[in-house]
Amino acid sequence: MVMPRPRLARAAVALALYLHHLVSAIEVPLDSNIQSELPQPPTITKQSVKDYIVDPRDNIFIECEAKGNPVPTFSWTRNGKFFNVAKDPKVSMRRRSGTLVIDFHSGGRPEDYEGEYQCFARNDYGTALSSKIHLQVSKSPLWPKEKVDVIEVDEGAPLSLQCNPPPGLPSPVIFWMSSSMEPIHQDKRVSQGQNGDLYFSNVLLQDAQTDYSCNARFHFTHTIQQKNPYTLKVKTTRGITETTPSFMYPYGTSSSQMVLRGVDLLLECIASGVPAPDIMWYKKGGELPAGKTKLENFNKALRISNVSEEDSGEYFCLASNKMGSIRHTISVRVKAAPYWLDEPQNLILAPGEDGRLVCRANGNPKPTIQWLVNGEPIEASPPNPSREVAGDTIVFRDTQIGSSAVYQCNASNEHGYLLANAFVSVLDVPPRILAPRNQLIKVIQYNRTRLDCPFFGSPIPTLRWFKNGQGNTLDGGNYKAHENGSLEMNMARKEDQGIYTCVATNILGKAEAQVRLEVKDPTRIVRGPEDQVVKRGSMPRLHCRIKHDPTLKLTVTWLKDDAPLYIGNRMKKEDDGLTIFGVAEKDQGDYTCIASTELDKDSAKAYLTVLAVPANRLRDLPKERPDRPRDLELTDLAERSVRLTWIPGDDNNSPITDYIVQFEEDRFQPGTWHNHSSYPGSVNSAVLSLSPYVNYQFRVIAVNDVGSSLPSMPSERYQTNGARPEINPTGVQGAGTQRNNMEITWTPLNATQAYGPNLRYIVRWRRRDPRGSWYNETVKTPRHVVWNTPIYVPYEIKVQAENDFGRAPEPDTVIGYSGEDLPSSPRYLRIRQPNLETINLEWDQPEHPNGVLTGYNLRYQAFNGSKSGRILVENLSPNQTRFTLQRTDPISRYRFFLRARTQVGDGEAIVEESPALLNEAYTKNHVDIATQGWFIGLMCAIALLVLILLIVCFIKRSRGGKYPVRDNKDEHLNPEDKNVEDGSFDYSDEDNKPLPNSQTSLDGTIKQQESDDSLVDYGEGGEGQFNEDGSFIGQYTVKKDKEETEGNESSEATSPVNAIYSLA
């Protein structure tokens, strides 16, 4: 029965509407906030490849990642059975992930974990499955041991050397080398086949010069295994017979080859013959596939990439040389593992809505389709009246809350399988507007525009637009509403300005948002630049007058020869044009003015030609000082800067080299002009840095080689706002002017540093002690005196600037000192007489300097008894603590007065006298032993005793008495003090040591100990020695054995009395 044409048409329309209704599923927006709120079944996001080969030396990671709300949990099967991860200590699962980690650091065999793994991700709304992951451990087996005999072959005969590599996983890469690791040269006569064998189209005598070894390189272990080498023995003949080609691989005249869709097809033909044949490739009934074929291995191999069903057919290779040709036909059959035509997609439905999942796949042979739900065959799942399976399609009708699940489609044939997850989620969500609230859309008048209002809800909301709160829906005429929520206007007019409201509605509620539309005037250049011809050195002006919407920010840019123009010092850019001062030949070119706003732009172009002026004309003209600049203008007014622009005056035939910008302010020094900055003569505009709280006025002076111009007329005044000071006074010092004060002074801030009204200074001071308290005083003059201070003590001082806007940053601390006074006397004054010609003085600084020492005053006077010489004065530096005096005579003594000096004056003196020449030691109390009565009496007594001893000796000798005489008559006693030899003495305290058998009195004088020894014993001691000044430095020697005497030695030589007389 044939349906009437009108009824058939109506049925087709109804079917189309029904199908459209089925596929009009809800799309969840990518907004993370919405996705985190909505329930979502699991979705696999990452997994390992199906054929997964791992390195046995590393840990194994089998990846499985999934998303969903709530967060999914994971489980695994191995070889179709549940894999209990918790029972195996080597296996763990990453946190918030399904990735398996198999750790071999503590031992174990990776081969024990080979197998087929599958990951399951579950939450409350369903279960998603990964593909089945076939895990294999890489293998690189050893080459089997074999004995390779010498191969004998006739010259010109074909030969193939077999490789037969061990079966690795993955397959190894094969290459041929000699046993000495030299690569085998390959060409159309000698080449390696795809199976790894080495083929000789014909053998030559030279082929026996090396051996041949097959090498296999394994991918994961990066190891190379070498087969035992082949050795060739070529038997020569009188001549090589030329032969027709014959195929060595493949054999015969025809073969077949099967290849899977999407992979590369490799066809190979290797032929023997003398000479070596050439190979050519053809396809029966057509051309070789265009754009996907490639000849390899000296044309012996044909590669067709990414094979498809259209590449099936018969291909033949033609091997030919001058003796003939032969061909081999290869029948290519293209099979296909399953591939997607329609992969099932996630489906989001509202309660009561209809939908469908489609799973269409193709392959050769055609794949079978199997549906699963939450990982179980759909036939074994609980019945669902709203679901109907029809082959590769599942139809859902009147879905309800609770019907959410994850469906799997498995398409498989003998060459492989495909597995896809698609969830069905039933949601009821009130409408939500996803656009920002209160959007502002700006559009140029008469341009097309679009108002966007993205929305979401389940069931899918309906969206309507309204303008200015009116009840009529906007659709039609100048407006077009789109299903995604956008409202398009073909041409925006001024009357289209206003507030537009979009309202999204479904059975659960409604949501709305407002968009404000503003229609702006277009940007137009009403007077653009014009072509000009100007002379070098003139001042051309390029116009660019613009009309634009005043509510839009206008930007004007210039191009020269279509590149951005650098606005240097010679150019002045204005709102309505560009002026070039002192135009030169390099300024010639195209100038383009571009006026742009955020919404549109306009441009205009003109060409500037510059004519050169002959140089000899310039040399002949008289030169004068330049004319004053004119028309000063302040623009780009800012808090701390302003742009000053001027028009140069005539240079009067001498180019302007510099411009000097001066300023005047009317608060601190009104009427006084100060230099602000200077600029090259090519500049006519500059940005000037300004200081706060200054009422500026500027003028400009031009300079050339002749001189300076008169100053320009002053610019208008520009008042900057005040601010707190940014710097503090410099040159802070603290010094006393009297003994009981300290004067603090500093360099005050100038007019451009004050930054505000009522400039003042906060002075703070304290004694240099962290525990001391700070004192402060606020003053306006750059000086403050602190009274009642101790004498010369250090103070920490800070001076901080302040005005009515605030204080400057915290100032640095400076160390000052209070007033000075006269210093105390030096701590000591030591006098040393190394010889009769010099006197050395040494002293230390005063214990109380009471200021900065500026030097020492040394006065000294020679005296001898009651006679005194004139007083001599030496002014010494403050760091000097030694002085050497050259004596005028060896007899006189000296009296020294030493004072320390500060800026106040000389202090208390320390007085010392040089010792008498006969004294051994000079003490601090000035005791002169040689003038003491007891010492004179003692010397007389000693002389008398020596005289009596001599008389006794003479009497004894005259009687002829016997007495022992030393055997060695030349024996002498060595002096104990080495200084005796050179006659020097040291009068320092450490040298004032008592002689042996003597004691020191409380006042520092030396007293001779009482002794029971006779004077005769002393007379026989070692030689007593005296210095040049008469001081006795010898040592009395006590004889322990009174029976031993030295009669041969002279009593005069050893007598202390004679020693004294010898010095007189």
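Residues numbered from 1 in each chain as written. Predicted model: local features only at pLDDT ≥ 70, side-chain atom pairs only at ≥ 80, totals over all residues. Heavy atoms only, no water.

1. Focus: the overall build of the protein chain
So, step 1. On a plain count of helices and strands, the protein chain comes out with nine helices and 81 strands.
So, step 2. Within the protein chain, the fraction of its 1064 residues that count as buried is 42%.
So, step 3. If you take every contact in the protein chain between residues at least 6 apart in sequence, the share linking residues at least 24 apart comes to 65%.
So, step 4. Within the structure as shown, the protein chain displays about 58,600 Å² of accessible surface, and the carbon and sulfur contribution to it stands at 49%. (Helix = DSSP H or I, 4+ residues; strand = E, 2+ residues; numbered from the N terminus. Buried < 20%, exposed > 50% of the residue type's maximum accessible area, 1.4 Å probe, protein only. Contact = heavy atoms within 4.5 Å. Areas by Shrake-Rupley, 256 points an atom, 1.4 Å probe, with all protein chains shown as cover.)

2. Let's talk about the side chain of Asn 123
So, step 1. Looking at the secondary structure, you find Asn 123 in strand S9 (residues 115-123).
So, step 2. A relative accessible area of 14% means that Asn 123 is categorised as buried.
So, step 3. At a separation of 3.0 Å, a polar atom in the side chain of Asn 123 contacts the main-chain carbonyl oxygen of Pro 70.
So, step 4. Engagement of the side chain of Asn 123 in a polar contact is seen with the backbone nitrogen of Tyr 125, the distance being 2.9 Å.
So, step 5. In this view, Asn 123 contacts Gln 40, Pro 41, Pro 42, Gly 68, Asn 69, Pro 70, Val 71 and Pro 72; residues no more than four positions away in its chain are not counted. (Polar contact = N/O pair within 3.5 Å; in protein donor to acceptor, adjacent residues only side chain to side chain.)

3. Some thoughts on the pattern of salt bridges
So, step 1. Within this structure, the stated rule accounts for 52 salt bridges.
So, step 2. Between Asp 452 and Arg 450 there is a salt bridge, with its nearest N and O atoms 3.0 Å apart.
So, step 3. Across the pair Glu 913 and Arg 893 runs a salt bridge whose closest N-O atoms are separated by 3.4 Å. Taken together, the residues span a long stretch of sequence, with Glu 913 in strand S79 (residues 906-913) and Arg 893 in strand S78 (residues 893-901) at a distance of 20 residues.
So, step 4. Linked through salt bridges whose partners overlap, the residues forming this network are Arg 541, Lys 572, Glu 574, Asp 576 and Glu 633. (Salt bridge = Lys/Arg side-chain N within 4 Å of Asp/Glu carboxyl O.)

4. So, the state of the cysteines
So, step 1. Applying the stated criterion to the full structure yields six disulfides.
So, step 2. Each disulfide pairs two cysteine sulfurs, and for Cys 544 the partner residue is Cys 593, the sulfurs being separated by 1.8 Å. Measuring the twist about the S-S bond at about -70°, one finds the Cys 544-Cys 593 disulfide to be left-handed. You can see Cys 544 sitting in the loop between strand S49 (541-543) and strand S50 (545-547) and its partner Cys 593 sitting in strand S55 (residues 589-596), a full 49 residues away along the chain. Cys 593 shares its class with Cys 544; the two are buried. (Disulfide = S-S within 2.5 Å.)

5. Thoughts on a nonpolar patch on the surface
So, step 1. Together, Leu 944, Leu 945, Leu 947, Ile 948, Ile 951, Val 952 and Ile 955 line one region of the surface with nonpolar side chains, adding up to about 600 Å² of accessible area.
So, step 2. With respect to the helices and strands, Ile 948 occurs in helix H5 (residues 933-958). (Patch = residues over 30% accessible without salt bridge, like charges linked within 9 Å, V, L, I, M, F, W, Y side chains within 5 Å.)

6. Structural notes on the sheet that holds strand S34 (residues 387-390)
So, step 1. Reading across the sheet, the three strands line up as S30-S35-S34 and stay open at both edges, with antiparallel pairing between neighbours. If you trace the sheet from one side to the other, it starts and ends with strand S30 (355-358) and S34, each paired once. Direction aside, the axes of adjacent strands within the sheet are offset by 15° on average.
So, step 2. Relative to strand S35 (residues 393-396), S30 runs antiparallel, the two sharing four bridges. The residue bridging Gly 355 from the neighbouring strand is Phe 396, located in S35. (Pairing = 2+ DSSP bridges. Axes fitted to C-alpha atoms, helices over the stretch in contact; angles between N-to-C directions.)

7. What about the pairing of strand S26 (residues 301-304)?
So, step 1. Pairing between strand S22 (residues 265-268) and S26: four bridges, direction antiparallel. Paired with Leu 266 across the two strands is Arg 303, which belongs to S26.
So, step 2. Taken together, the four bridges between strand S25 (residues 293-296) and S26 define a ladder with antiparallel strand orientation. The residue of S26 that forms the bridge with Glu 296 is Ala 301.
So, step 3. Counting the residues between successive antiparallel strands, the hairpin from S25 to S26 contains four residues, one of them, Asn 297, with a positive phi of roughly 55°.

8. Let's talk about the side chain of Ser 824
So, step 1. Mapped onto the fold, Ser 824 is located in the loop between strand S71 (814-817) and strand S72 (829-832).
So, step 2. When residues no more than four places from it in sequence are discounted, the contact partners of Ser 824 are Pro 846, Glu 847, His 848, Asn 850, Ala 900 and Glu 908.

9. Some remarks on the packing of aromatic side chains
So, step 1. Tallying each qualifying case throughout the model produces 18 aromatic pairs.
So, step 2. An aromatic cluster is present here, built from Tyr 860, Phe 883, Tyr 894 and Phe 896 joined pairwise through their rings.
So, step 3. Here the basic side chain of Arg 667 rests over the ring of Tyr 693, its NZ or CZ set 3.9 Å away from the ring centre.
So, step 4. Here the basic side chain of Arg 895 rests over the ring of Phe 863, its NZ or CZ set 4.3 Å away from the ring centre. (Phe/Tyr/Trp six-rings, centres within 6.5 Å; stacked < 30°, edge-to-face > 60°. Lys NZ or Arg CZ within 6 Å of the ring centre and 35° of its normal.)

10. A closer look at H5
So, step 1. Between its first and last C-alpha atoms H5 spans 38 Å; for 26 residues at 1.5 Å apiece the expected length is 38 Å, and the two agree.
So, step 2. For H5, the full list of buried residues reads Ile 942, Val 946 and Leu 949. (Expected span 1.5 Å × (residues − 1).)

11. Re the nonpolar core
So, step 1. Judged by nonpolar contacts, the single largest core of 31 residues is most densely connected at Ile 62, Trp 76, Leu 100 and Tyr 117.
So, step 2. Counting only elements with at least two residues in this core, the list comes to strand S2 (51-54), strand S3 (60-62), strand S4 (64-69), strand S5 (73-78), strand S8 (100-102), S9 and strand S11 (133-137).
So, step 3. With sequence-adjacent residues up to four places away left out, Ile 62 is seen in contact with Ser 48, Tyr 52, Trp 76, Gly 98, Thr 99, Leu 100, Tyr 117, Ile 133 and Leu 135.
So, step 4. In this structure, Ala 435, Ile 441, Cys 453 and Tyr 479 belong to the second largest nonpolar core, which totals 21 residues. (Core = buried A, V, L, I, M, F, W, Y, C linked by side-chain atoms within 4.5 Å.)

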